[in-house]
Amino acid sequence: MLDGRLLIDAHLHPPRMSTVKPAWARWAEQYGAPGWRSAFDDDGVIVPAAFDDLLAAEGVDRAILLCEYSPKATGIQPVEDLLPIVKHNPDRFAFLANVNPHLHYPIAAEVHRQVDLGAAGLKLHPVHGGFSVADPMLYPAYQACVERGIPVVVHCGTSTFPGSANAMAAPELLDPVLRDFPELTLVLAHGGRGWWYDQAAFLALMHDNVWIELSGLPPARLPDYYQRFDLRRLARKFVFATDWPGVPGVARNARAVAALGLDDDTLGLVLGGNAMRIYFAPAT
């Protein structure tokens, strides 16, 4: 709990440092939260107990961890590296699967494999992976997520890492996916960061099953980013997330969200309630 509220950070990257490219390591060193290195041992491997203690000190009740298969941009951080962290404290930690249609075939089988390992959802990174979310190669993955009742998180924001394909971040590319998979829950990671804030907001307000994840967005700038929309209304579709370690601090960001002047009910949804609904609601 943070200041008496449930706090869920829905977007953290705890990789084995030997699996990331130098640009990722430089990003973490430049923008990393104070003390982020304390979660790693001397070989650059996450120490589950240390990571657990770090997040507990930040008031995080639950944390959603990300793996990534993006050899062109950031490297390959395999899902198996997350399992010891989750095993250490399954009450705090959960993780998302990740697939890349250029690497995984049959792609549905890989989705099912990672969900069988315990994944609470699927993360797609079209910018780092170099593919469109509308590519028919991904349709079996979407169908697998519908069958398993899990959400899909899509990176919808610019990236500065070499090898990134920023044109693939446009939320509008999800329009045929929403048409063809109306039962699928979609979360827009980074909320349209860069050039697509209006697109992301419009999709979230248009569709009950579309959400905006705040990873990588300075909370104080949210009124500027979404200035064409009623922030109090739009905020009810926000999911708190940080993009750890590239954040000034989890608690610091959460308190910055609280300083936006949202009503208590909406703030509770942003900081934890929406993530509980998306990732942890009992299957029906």
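Everything numeric here is computed off the predicted structure, so don't read it as measured data. Every chain is numbered on its own, with residues counted from 1 as its sequence reads. With the structure being a predicted model, the display of local features is reserved for residues of pLDDT at least 70 and the display and counting of side-chain atom pairs for 80 or more, all residues being used for whole-chain, interface and lining totals. No hydrogens and no water enter the side-chain calculation; it runs on all heavy atoms of the structure.

### Here's the deal with the side chain of His-128
- With respect to the element layout, His-128 can be found in helix 5 (residues 126-129).
- Each polar contact in these results corresponds to two N or O atoms within 3.5 Å; when the atoms are within protein, one needs to be able to donate a hydrogen and the other to accept it, and residues that are neighboring in sequence are counted only if both atoms are side-chain atoms. At a separation of 2.8 Å, a polar atom in the side chain of His-128 contacts the side chain of Glu-68.
- Side-chain polar atoms of His-128 contact the side chain of His-125, separated by 3.0 Å.
- The contacts of His-128, once residues within four sequence positions are left out, are Glu-68, Ser-70, Lys-72, Ala-73, Thr-74, Ser-159, Phe-161 and Ser-164. Strands here mean DSSP runs of E at least two residues long; helices mean DSSP runs of H or I at least four residues long; both are numbered from the N terminus. When checking whether two residues touch, look at their non-hydrogen atoms; a contact exists if any pair is within 4.5 Å.

### Concerning the pairing of strand 1 (residues 8-12)
- Only protein chains enter the calculation, and the probe is 1.4 Å; a residue is then buried if its accessible area is under 20% of its type maximum, exposed if over 50%, and partly exposed in between. Buried residues dominate strand 1, accounting for five of its five residues.
- Note that strand 1 and strand 2 (residues 62-66) share three bridges and pair parallel. Within the sheet, the bridge partner assigned to Leu-12 lies in strand 2 and is Leu-65. Note on pairing: DSSP must find at least two bridges between two strands before they are called paired.

### Focus: the nonpolar core
- Counting 82 residues, the largest nonpolar core has Phe-51, Leu-65, Tyr-226, Phe-238 and Trp-244 as its most contacted members.
- With five residues, helix 8 (residues 197-206) is the largest single contributor of residues to this core.
- Among all residues touching Phe-51, those that are not within four sequence positions of it are Leu-12, Pro-14, Ala-39, Ile-46, Leu-65, Ile-85, Phe-93 and Trp-244. Here the nonpolar core consists of buried residues drawn from Ala, Val, Leu, Ile, Met, Phe, Trp, Tyr and Cys, with membership extended through side-chain atoms lying within 4.5 Å.

### A few points about unusual backbone geometry
- Residue Pro-106 follows Tyr-105 across a cis peptide bond; omega there is -5°.
- Along the polypeptide, Pro-106 turns up in the loop between strand 5 (93-98) and helix 4 (107-116).
- The residue after Trp-244, namely Pro-245, is reached through a cis peptide bond having omega 10°.
- Mapped onto the secondary structure, Pro-245 falls in the loop between strand 10 (238-239) and helix 11 (250-258).
- You will see that Asp-3, though not glycine, has its phi angle at about 55°, which is positive.
- Relative to the helices and strands, Asp-3 resides in the segment before strand 1.
- When its relative accessible area of 57% is taken as the criterion, Asp-3 is described as exposed.

### Description of the sheet that holds strand 8 (residues 186-193)
- Reading across from one edge, 1-2-5-6-7-8-9-10 is the order of the eight strands in this open sheet, with parallel pairing throughout. Every other strand in the sheet has two partners, leaving strand 1 and strand 10 as the edge strands with one partner each.
- Across five bridges, the pairing between strand 7 (residues 152-157) and strand 8 is parallel. Looking across to strand 8, one finds that Val-154 is bridged to Leu-188.
- Convention adopted: a line fitted to C-alpha atoms gives each axis, helices being fitted over their contacting stretch, and angles between N-to-C directions are expressed from 0 to 180 degrees. Packed on one face of the sheet, helix 2 (residues 48-57) meets strand 1, strand 2 and strand 5 and runs near 110° to strand 5.

### What to know about the packing of aromatic side chains
- Two aromatic rings from Phe, Tyr or Trp, using only the six-membered ring of Trp, form a pair when their centres are within 6.5 Å; if the ring planes differ by under 30 degrees the pair is stacked, by over 60 it is edge-to-face, and anything between is tilted. Under the definition given, this model contains 13 aromatic pairs.
- Ring geometry for Phe-51 and Trp-244: centres 4.9 Å apart, planes at 40°, overall tilted. Taken together, the residues Phe-51 in helix 2 and Trp-244 in the loop between strand 10 and helix 11 connect sequence positions 193 residues apart.
- Under the relative-accessibility criterion, Trp-244 is labelled buried at 1%.
- Placement of a positive charge over a ring is assigned whenever Lys NZ or Arg CZ falls within 6 Å of the ring centre and within 35 degrees of the normal to the ring plane. Above the face of the Phe-280 ring, Arg-62 is positioned so that its terminal group lies 3.8 Å from the ring centre.
- A cation over a ring is seen here: Lys-237 above Trp-211, with NZ or CZ 5.0 Å from the ring centre.

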